[in-house]
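Examining the three-dimensional arrangement
Residues per chain are reported as follows:
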Amino acid sequence: MPPRLRRRAIPALLISALLAGCSGQEYEPSYGYILETYYENGVPAGQLSALADGLVTEAEVEQAAAATDACVAAVPGVSSVEEYRWVEEDGEFAGGKLEIEEDADRDVVLAQARACYFQYIGLIEFAWLDQVYFGGWTDENLRG
């Protein structure tokens with residue numbers, strides 16, 4: 001019999017909700033902050049490739065989101081993942097929620113899910129948001 005599951009809707013990335021999902025608050029440019037704070041050891045190759053031409057496409061966002069979802073779904077202790085996606089009409093990202101198995105170590109699962117986010121979409125997400133809301137983002141500090 002499969003282990004009982006805790007039904008928890010936990011954002012795959014808590015930082016995204018904190019920085020961009022605050023209802024009623026104006027979005028502020030965040031790409032530079034994310035780059036400096038979370039990518040001090042360099043930007044993963046997949047994200048670097050998407051950012052290299054200075055323009056993030058919707059296809060690149062979708063590809064990065066799918067890679068993130070697949071990575072999170074493979075984390076031991078994750079039972080399901082709600083698709084993480086850009087919602088054009090809302091002007092924000094939605095989904096990215098996961099369910100954790102009852103007997104899993106919640107802190108370990110969340111740390112691994114967070115690592116997936118930063119590996120595949122973290123910087124792309126904020127480049128996209130800055131691009132949508134401000135017409136662009138700067139890669140002056142981008143490290144390979």
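Each chain has its residues counted from 1, following the order in which its sequence is written. With the structure being a predicted model, the display of local features is reserved for residues of pLDDT at least 70 and the display and counting of side-chain atom pairs for 80 or more, all residues being used for whole-chain, interface and lining totals. The basis for the side-chain values is all heavy atoms of the structure; hydrogens and waters are excluded.

**As for the packing of helix α2 (residues 31–38) against helix α6 (residues 122–134)**
Note the cut-off: Each axis is a line fitted through C-alpha atoms, and for a helix only the stretch in contact is used; angles between axes span 0 to 180 degrees, taken between their N-to-C directions. Helix and strand definitions follow DSSP, with helices as H or I runs of at least four residues and strands as E runs of at least two, each counted in order from the N terminus. Roughly parallel means an angle under 35 degrees; roughly antiparallel, over 145; roughly perpendicular, 65 to 115; everything else is oblique. Rotating anticlockwise by less than a right angle from the far helix to the near helix defines a left-handed crossing, while the corresponding clockwise rotation defines a right-handed one. We call two residues in contact when some of their heavy atoms are within 4.5 Å. Residues are sorted three ways: Asp, Glu, Lys and Arg are charged, Ala, Val, Leu, Ile, Met, Phe, Trp, Tyr, Cys and Pro are nonpolar, and all the rest, Gly among them, are polar.
Running from N to C, α2 and α6 point in directions that differ by 165°, and their axes come no closer than 8 Å. Classified by the angle their axes make, α2 and α6 are roughly antiparallel. Here α2 and α6 pass one another in a crossing that is left-handed. Only Gly122, Leu123, Phe126, Ala127 and Asp130 of α6 make contact with α2, whose side of the interface consists of Tyr31, Ile34 and Leu35. Split into classes, the residues belonging to the contact of α2 with α6 amount to 6 nonpolar, 1 polar and 1 charged.

**Re helix α4 (residues 58–73)**
Because an α-helix completes one turn every 3.6 residues, residues spaced three or four positions apart along the sequence face the same direction. What counts is decided by this rule: Expected helix span is computed as 1.5 Å times (number of residues minus one). Exposure categories follow from relative accessible area, calculated using a 1.4 Å probe and restricted to protein chains: below 20% of the type maximum is buried, above 50% is exposed, and the middle band is partly exposed.
In this model, α4 (16 residues) spans 22 Å end to end at C-alpha, consistent with the 22 Å of a helix rising 1.5 Å per residue. Restricting attention to buried positions, one finds in α4 the residues Glu60, Val61, Ala64, Ala65, Thr68, Asp69 and Val72.

**Side note on the packing of aromatic side chains**
For the record, the criterion: Think of it this way: a Phe, Tyr or Trp ring, Trp meaning its six-membered ring, pairs with another when their centres are within 6.5 Å, and the plane angle makes it stacked under 30 degrees, edge-to-face over 60, tilted otherwise.
This model, assessed by the stated rule, comprises 8 aromatic pairs. Aromatic pair Tyr84 and Tyr117: ring centres 6.5 Å apart, planes at 85°, arrangement edge-to-face. Taken together, the residues Tyr84 in the loop between β2 (78–81) and β3 (85–87) and Tyr117 in helix α5 (residues 106–120) connect sequence positions 33 residues apart. In this structure, Tyr84 and Tyr117 share a single accessibility class: buried. Grouping aromatic residues by their ring pairs yields a cluster made of Tyr38, Tyr39, Tyr84, Trp86, Phe93, Tyr117, Phe118 and Trp128.

**Quick notes on the confidence of the model for the protein chain**
How we decide: pLDDT is defined as a per-residue confidence score from the predictor, taking values between 0 and 100.
For the protein chain, mean pLDDT is 81; residues scoring 70 or higher make up 76% of the total. Low confidence marks residues 1–24, where pLDDT is under 50. Its contacts with residues over four positions away, or in another chain, come to 52 contacts.

**Observations concerning a negative patch on the surface**
Put simply, the rule is: Patch membership requires over 30% relative accessible area and the absence of a salt bridge. Like charges are linked within 9 Å, and nonpolar side chains (Val, Leu, Ile, Met, Phe, Trp, Tyr) within 5 Å. Surface exposure here means Shrake-Rupley accessible area, sampled with a 1.4 Å probe, where a residue is shielded only by the protein chains that are shown. Each reported salt bridge corresponds to a side-chain nitrogen of Lys or Arg within 4 Å of a carboxyl oxygen of Asp or Glu. Just so you know, the count uses Lys and Arg for positive and Asp and Glu for negative, and it drops His and the chain ends. Note on charges: their place is set at NZ of Lys, CZ of Arg, CG of Asp or CD of Glu.
Together, Glu58, Glu62, Glu83, Glu88, Glu89, Asp90 and Glu92 line one region of the surface with negative charge. Classification of Glu89 as exposed rests on a relative accessible area of 68%.

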